[in-house]
Amino acid sequence: MSVNVETRVDAPGSAEYASEAWDLKERIRAEEGVLKQRRAFFVDAYRRARDHLLFVEDDLVGFASVRRDGYILFLGVAPEYRGEGHGKRLVAAALQEHDSVSCHARATNESALSFYEHLGFEVERRITGYYEDGGDAYYLRLGDGSSLRGRFADFFRRSMVGE
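This write-up is about the structure you can find in this document. (Residues numbered from 1 in each chain as written. Predicted model: local features only at pLDDT ≥ 70, side-chain atom pairs only at ≥ 80, totals over all residues. Heavy atoms only, no water.)

### What to know about helix H1 (residues 18-32)
Here H1 contains 15 residues, and its C-alpha end-to-end distance of 21 Å stays within 8% of the 21 Å for a straight helix at 1.5 Å per residue. When we look at burial in H1, the residues that qualify are Ala 18, Ala 21, Trp 22, Leu 24, Lys 25, Glu 26 and Ile 28. Along its buried surface, H1 packs onto strand E1 (5-10), helix H2 (39-48), strand E3 (59-66) and strand E4 (72-77). Looking one or two residues past H1, Gly 33 carries a phi angle of roughly 75°, positive in sign. (Helix = DSSP H or I, 4+ residues; strand = E, 2+ residues; numbered from the N terminus. Expected span 1.5 Å × (residues − 1). Buried < 20%, exposed > 50% of the residue type's maximum accessible area, 1.4 Å probe, protein only. Contact = heavy atoms within 4.5 Å.)

So this is what it looks like as structure tokens:
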């Protein structure tokens, strides 16, 4: 049986789906002990970001909040929908608008670190005491940051060789 996944976006300044995203984030926090932001911080950051959301029917199953510099503030996928490519799809949506994306992941969050490593993120540094509770984080980046102009030039150079 195939499941239809609908993509929606909350543009910066909008918070149409902030409550649903908060509820999913809190469910993940309660089950896994990650995504421990306070509500005011979460909603403020959500409103400032471009939020990519995945829905199955009318249920939010995943979201990524991405700042205008390509930094992924929040990425969450409902546990029962993991392993189906939804997280990858959310990162791909962020990469549609940025040459590279970056994020932090809790140093003890093996599943998140494994997910990011699988997608090709590289650890740039470890930050001691990054989280409010004193937990350490890794700062990760995906993409080379090359400009769109540079990527187009490479594309045209390769296509000219084929003629």
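Structure's up, so let's keep going.
### A short note on the sheet that holds strand E2 (residues 50-56)
Read from one edge to the other, the open sheet built from four strands follows the order E1-E2-E3-E4, with strand pairing classed as antiparallel. Single-partner strands in this sheet number two, and they are E1 and E4. On average, adjacent strands in this sheet sit at an angle of 20° to one another, irrespective of strand direction. Across seven bridges, E2 lies against E3 in antiparallel orientation. When the bridges of E3 are listed, Leu 53 appears paired with Phe 63. (Pairing = 2+ DSSP bridges. Axes fitted to C-alpha atoms, helices over the stretch in contact; angles between N-to-C directions.)

### Some remarks on the layout of surface pockets
There is about 1100 Å³ of room inside the largest pocket. If you go around the largest pocket, you meet 39 residues; those closest to its centre are Leu 35, Leu 75, His 104, Asn 109 and Tyr 116. The set of elements that each furnish at least two residues to the lining of the largest pocket consists of H1, E4, helix H3 (86-95), strand E5 (101-106) and helix H4 (110-119). In terms of residue class, the lining of the largest pocket is built from 19 nonpolar, 10 polar and 10 charged. (1 Å grid on protein atoms, 1.4 Å probe; cavity = no way out; pocket = protein on both sides within 12 Å on 5 of 7 lines; lining within 4 Å. Points joined across faces, edges and corners; volume = space filled by probe spheres on them. Nonpolar A, V, L, I, M, F, W, Y, C, P; charged D, E, K, R; others polar.)

### Some details on the side chain of Asp 10
Along the chain, Asp 10 turns up in strand E1. Among buried charged residues, Asp 10 stands out as having no salt bridge; its nearest opposite-charge side chain is Arg 47, 8.5 Å away. There is a polar contact of 3.0 Å between the side chain of Asp 10 and the backbone nitrogen of Glu 16. At 2.9 Å, the side chain of Asp 10 and the backbone nitrogen of Tyr 17 are in polar contact. Leaving out residues up to four positions away in the same chain, Asp 10 has contacts with Ala 15, Glu 16, Tyr 17, Ala 18, Tyr 46, Ala 49, Arg 50, Asp 51 and Leu 53. (Lys, Arg positive; Asp, Glu negative; His and termini not counted. Salt bridge = Lys/Arg side-chain N within 4 Å of Asp/Glu carboxyl O. Polar contact = N/O pair within 3.5 Å; in protein donor to acceptor, adjacent residues only side chain to side chain.)

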